[in-house]
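Topology and contacts: notes
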Amino acid sequence: RSVLVVLTDQIMERPWCAVEIASAWLNKKPMMAVDINSRKVDLSANYLQDVIKSFSAQDFAIFLALGIDEVAVRSAFDHVASLDRIEVPLNSTGLRLPDAVVRHCLG
């Protein structure tokens, strides 16, 4: 199976999304990053570091209980930032996902 990371403005800032992304990375699951409507989400090193710093001690306690430490979160985020990104236009009628996205998700 693979993981489709739909890049929204706050996906990296949401602790449970961080858990899912880090878990996929730790389990060596293939990932694909998707931008919606040609909107490029900031995945710069500075932004990602700020996001990691914004997680609370309680967030990290949950992460650790699931076997995910700060290094894993950072590595997973860096991996997502390094992925080629596919644009998916969701603001049009007759939505058709790009073939590459469909192939990736279906394996």
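Notes on the structure follow. Values in this document were obtained by computation on a predicted structure and should not be read as measured data.

**Quick notes on the sheet that holds strand S1 (residues 3–7)**
The three strands lie next to each other as S1-S2-S3, forming an open sheet whose pairing is parallel. Pairing within the sheet leaves two strands with one partner each, and these edge strands are S1 and strand S3 (85–88). Between one strand axis and the next, the sheet turns through 35° on average, direction left out of account. Alignment of S1 against strand S2 (residues 31–36), held across five bridges, turns out to be parallel. Bridged to Leu-4 within S2 is Met-32.

**Examining helix H2 (residues 45–54)**
Among the residues of H2, Tyr-47, Leu-48, Val-51 and Ile-52 are the ones counted as buried. Along the axis of H2, the buried positions cluster into a sector of 135°, meaning they face one direction only. Facing away from the buried side of H2, by more than 90 degrees, are the exposed residues Asn-46, Asp-50 and Lys-53. Where H2 is buried, its residues contact helix H3 (57–65) and helix H4 (70–82).

**Section: the pairing of S3**
Along any regular strand, the residues point their side chains to alternate faces of the sheet. Across the two faces of S3 the burial differs, with Ile-86 and Val-88 buried and Arg-85 and Glu-87 not buried at all. Judged from the four bridges that link them, S2 and S3 form a sheet pairing that is parallel. Directly across from Ala-33, in S3, lies its bridge partner Arg-85.

**Some points on the packing of H2 against H4**
At a minimum axis distance of 11 Å, the contact between H2 and H4 shows a crossing angle of 150°. The angle between H2 and H4 places the two elements in the roughly antiparallel class. Between H2 and H4 the crossing geometry is right-handed. Only Glu-70, Val-73, Arg-74, Phe-77, Asp-78 and Ala-81 of H4 make contact with H2, whose side of the interface consists of Ala-45, Leu-48, Gln-49, Val-51 and Ile-52. Of the residues belonging to the contact of H2 with H4, the class tally is seven nonpolar, one polar and three charged.

**Regarding the environment of Pro-89**
Among the structural elements, Pro-89 can be located in the loop between S3 and helix H5 (99–106). Measuring from C-alpha to C-alpha, the distance between Pro-89 and Val-34 comes to 10.0 Å, with 55 residues separating the pair along the chain.

**Points about H4**
Between its terminal C-alpha atoms H4 stretches 18 Å, which fits the 18 Å expected from 13 residues at 1.5 Å a residue. Taken as a whole, H4 has its buried residues at Ala-72, Val-73, Arg-74, Ala-76, Phe-77 and Val-80. Where H4 begins, one side-chain oxygen reaches toward the backbone nitrogen of Val-71, 3.3 Å away; that side chain belongs to Asp-69.

Calculation notes
- Residues numbered from 1 in each chain as written.
- Predicted model: local features only at pLDDT ≥ 70, side-chain atom pairs only at ≥ 80, totals over all residues.
- Heavy atoms only, no water.
- Pairing = 2+ DSSP bridges.
- Helix = DSSP H or I, 4+ residues; strand = E, 2+ residues; numbered from the N terminus.
- Axes fitted to C-alpha atoms, helices over the stretch in contact; angles between N-to-C directions.
- Buried < 20%, exposed > 50% of the residue type's maximum accessible area, 1.4 Å probe, protein only.
- Arc of directions from axis to C-beta.
- Contact = heavy atoms within 4.5 Å.
- Parallel < 35°, antiparallel > 145°, perpendicular 65-115°, else oblique.
- Left-handed = near helix turned anticlockwise from the far one by under 90°.
- Nonpolar A, V, L, I, M, F, W, Y, C, P; charged D, E, K, R; others polar.
- Expected span 1.5 Å × (residues − 1).
- Polar contact = N/O pair within 3.5 Å; in protein donor to acceptor, adjacent residues only side chain to side chain.

The values reported here are purely geometric and, on their own, carry no functional implication.
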